[in-house]
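The residues making up each chain are set out below.
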Amino acid sequence: MRNLLSIIVVACVLSSCSQFQKAMKSEDIAFKFKTGDSLYKLGKFEKANRLFAQVVPKYKGKPQAEKLMYLYSKSFFEMKDYYVSGYQFERFVSSYPRSEKKEEASFLSAKSYYMLSPIYSKDQTETKEAIEKLQEFLNVFPESQYASEANTLIKELDYKLEKKAFEIAKQYNHISDFQASIKSFDNFIYGFPGSSLRESALFYRFDSAYKLAINSVEYKKKARLEQAKEYYTTFKQAYSNSEFVETADVMATELDKELETYSAKS
């Protein structure tokens, strides 16, 4: 039985290869389209795409053009050529605004941009563009069957931006550029108020302010100690059960001791 199935599979593969070669050499655009459609259904997206590419210009204005352009766009997506699939799906939506495939094509166009988003440590230009595209899709199709997935993708992309900003601010802390770290964490806390990284951001902002104050020149020290103490209070009020509280409390005690010297002088 297994041998029979193997023979059938091999025969189908050979047959599809033979049909593909015939279609590639043929001048019959209908035969090319039909063969491409069959190969697409078999998951042979690269071969189907090559055939579609040959006939797309020749089907312009014909009734079958809409289906062809959809399959052509989708074949790029299946091939993971997301730069081209995003562009081709946008062209499809623009060319066929009344198509029953418009909603799906709009979503797959936006998702193509999502697929191009790199890891958080790299430049996030494409991530921002993907968020814009997905939000545009939701604005046009708020009740779409793809809305839930689109929202999930946006949240994932938002987190990349949060992580990128957080790690930059934290890196300034690690290299002892405490003023830059404080400013970056200020921007992060303001720009991402609902972030899951907010607790860590508040602590590391305080940590940077503490280190800046403790190691400060004398004429700036009192003001910086007071600023660090304010950051501690903000952190402690927001996250009294934080994993960082014990460390923060020790740092705050040292700040108080330093501030007491200024009170004694007064």
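Conventions used here
- Residues numbered from 1 in each chain as written.
- Predicted model: local features only at pLDDT ≥ 70, side-chain atom pairs only at ≥ 80, totals over all residues.
- Heavy atoms only, no water.
- Core = buried A, V, L, I, M, F, W, Y, C linked by side-chain atoms within 4.5 Å.
- Buried < 20%, exposed > 50% of the residue type's maximum accessible area, 1.4 Å probe, protein only.
- Helix = DSSP H or I, 4+ residues; strand = E, 2+ residues; numbered from the N terminus.
- Contact = heavy atoms within 4.5 Å.
- UniProt positions renumbered as here; feature names shortened; annotations may be inferred.
- Salt bridge = Lys/Arg side-chain N within 4 Å of Asp/Glu carboxyl O.

- By the naming in an unreviewed UniProt entry, the protein chain is Outer membrane protein assembly factor BamD, taken from Hyunsoonleella rubra.

Some words on the nonpolar core
Now for step 1: Grouped together as the largest cluster of nonpolar side chains are 43 residues, with contacts concentrated most on Phe52, Leu68, Phe107, Leu134 and Phe137.
Now for step 2: Those elements that place two or more of their residues in this core are helix 1 (2–25), helix 2 (29–41), helix 3 (45–55), helix 4 (65–78), helix 5 (82–95), helix 6 (102–115), helix 7 (125–140) and helix 8 (147–174).
Now for step 3: In terms of residue count, helix 4 provides more of this core than any other element does, eight residues in total.
Now for step 4: Contacts of Leu68, omitting those with residues within four sequence positions, involve Phe33, Phe52, Val55, Val56 and Tyr59.

Things to note about the UniProt feature "domain: Outer membrane lipoprotein BamD-like" (unreviewed entry) in the protein chain
Now for step 1: The feature "domain: Outer membrane lipoprotein BamD-like" (unreviewed entry), as annotated in UniProt, sits at residues 33–221 in this numbering.
Now for step 2: Helix and strand shares over residues 33–221 are 75% and 0% respectively, and the end C-alpha atoms of the span are 76 Å apart.

Some points on the pattern of salt bridges
Now for step 1: Considering all chains together, one arrives at 14 salt bridges under this definition.
Now for step 2: One salt bridge in this structure joins Lys111 and Glu149, with 2.8 Å as the shortest N-O distance. With Lys111 in helix 6 and Glu149 in helix 8, this pair connects stretches of sequence that are 38 residues apart.
Now for step 3: By relative accessible area, Lys111 is classed as buried at 19%.
Now for step 4: Salt bridges here are not isolated pairs; linked through shared partners, they connect Lys74, Glu78, Lys101 and Glu104.

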